[in-house]
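Coordinate analysis (summary)
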Amino acid sequence: MKDKTILHVITVISMGGLAFLFRKGPVKDWFLIYLLKSLLCTFLDVPVNKKKFVKYPIRYFPKSFDSNIVFLYVIFPLLCVLYNQFTYKMKAVKTIPSVFLYSTPMVLVEKWLEKNTKLVTYSKGWNSYFTLSYLTFAFWLVRLIIDGIRALDRKRNTSHNSGAVK
């Protein structure tokens, strides 16, 4: 299969995932996670691309973006929402190892793409372990931020409700 065809298939599958992702649970949280992850990805990925540790020779809009925008703005944010949905009611301790259910398959797919296509290229000592660390850190960071936002929201709602006249 040609590299561009693989990219198109991945894109179509990812875009199809959008329709099913925001159907249940706290939809506001899922959208916030999606947008937060997209923003965070932008800041984390730029240095990696500028230093050319990871390159995406075949990508959409190559004159405008150094990154694979499908990964940055569709796949990774969607998987981050899935991770947060999966761990939504888990105790914090259980969310830590469960991240590997999401980051490990992503690393395996990227490693396969790196070895068998021109969609991903590692250089300057970058390897799958760095990718695993990067992905895992990003999942945990977004989970930590959304938990902080939820705690602030609960505190705010509690203080509003306790001050109300009955």
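Before reading on, note that the structure itself is shown above.
Structure report, in brief.

Parameters and conventions
Residues numbered from 1 in each chain as written. Predicted model: local features only at pLDDT ≥ 70, side-chain atom pairs only at ≥ 80, totals over all residues. Heavy atoms only, no water. Core = buried A, V, L, I, M, F, W, Y, C linked by side-chain atoms within 4.5 Å. Buried < 20%, exposed > 50% of the residue type's maximum accessible area, 1.4 Å probe, protein only. Helix = DSSP H or I, 4+ residues; strand = E, 2+ residues; numbered from the N terminus. Contact = heavy atoms within 4.5 Å. Salt bridge = Lys/Arg side-chain N within 4 Å of Asp/Glu carboxyl O. Patch = residues over 30% accessible without salt bridge, like charges linked within 9 Å, V, L, I, M, F, W, Y side chains within 5 Å. Areas by Shrake-Rupley, 256 points an atom, 1.4 Å probe, with all protein chains shown as cover. Lys, Arg positive; Asp, Glu negative; His and termini not counted. Charge placed at Lys NZ, Arg CZ, Asp CG, Glu CD. Expected span 1.5 Å × (residues − 1). Arc of directions from axis to C-beta. Polar contact = N/O pair within 3.5 Å; in protein donor to acceptor, adjacent residues only side chain to side chain.

Let's shift gears to the nonpolar core. Ile-33, Phe-71, Phe-76, Val-81, Leu-135 and Phe-139 are the most contacted members of the largest nonpolar core, which has 28 residues in total. Taken together, the elements giving at least two residues each to this core come down to α2 (27-50), α3 (69-86), α5 (100-116) and α6 (128-162). With residues near it in sequence (within four places) discarded, Phe-139 still touches Phe-76, Leu-79, Cys-80, Tyr-83, Val-99, Tyr-102, Ser-103 and Met-106. Grouped together as the second largest cluster of nonpolar side chains are eleven residues, Val-48, Val-54, Tyr-56 and Leu-119 included.

Let us look at the pattern of salt bridges. Enumeration over the complete set of coordinates arrives at five salt bridges. Across the salt bridge formed by Arg-150 and Asp-147, the nearest N and O atoms sit 3.4 Å from each other. Highlighted residues: Arg-150 and Asp-147, both in helix α6, separated by three residues, approximately one helical turn. You can call Arg-150 buried: its relative accessible area is 11%.

Time to look at a positive patch on the surface. Side chains of Lys-51, Lys-52, Lys-55 and Lys-124 sit close together on the surface and give a patch of like positive charge. With respect to the helices, strands and loops of the structure, Lys-51 is situated in the loop between α2 and β1 (54-55).

Its 17 residues give α5 an end-to-end C-alpha distance of 23 Å, which sits within 8% of 24 Å, the value for a rise of 1.5 Å per residue. Three or more residues of α5 are buried, namely Tyr-102, Ser-103, Met-106, Val-107, Glu-110 and Leu-113. Buried residues in α5, looked at end-on, bunch into an arc of 125°, giving them a common side. Opposite the buried face of α5, at more than 90 degrees from it, the exposed residues are Leu-101, Leu-108 and Lys-115.

Here we take up the side chain of Thr-117. Structurally, Thr-117 is set in the loop between α5 and β2 (121-122). We classify Thr-117 as buried; its relative accessible area is 10%. Looking at Thr-117, its side chain comes within polar contact range of the main-chain oxygen of Leu-113, at 2.6 Å. Only 3.1 Å separates the side chain of Thr-117 from the backbone nitrogen of Leu-119, close enough to count as a polar contact. Each residue touching Thr-117, except ones within four places of it in the same chain, is listed here: Asp-3, Ile-6 and Trp-112.

What you tend to see is this: most non-glycine residues have negative phi, and most peptide bonds are trans. A positive phi angle, near 60°, is found at Lys-52, a position not held by glycine. Topologically, Lys-52 is positioned in the loop between α2 and β1. The partly exposed category is assigned to Lys-52, whose relative accessible area is 44%. For Lys-124, which is not a glycine, the phi torsion comes out positive at approximately 55°. Within the secondary structure, Lys-124 is located in the loop between β2 and α6.

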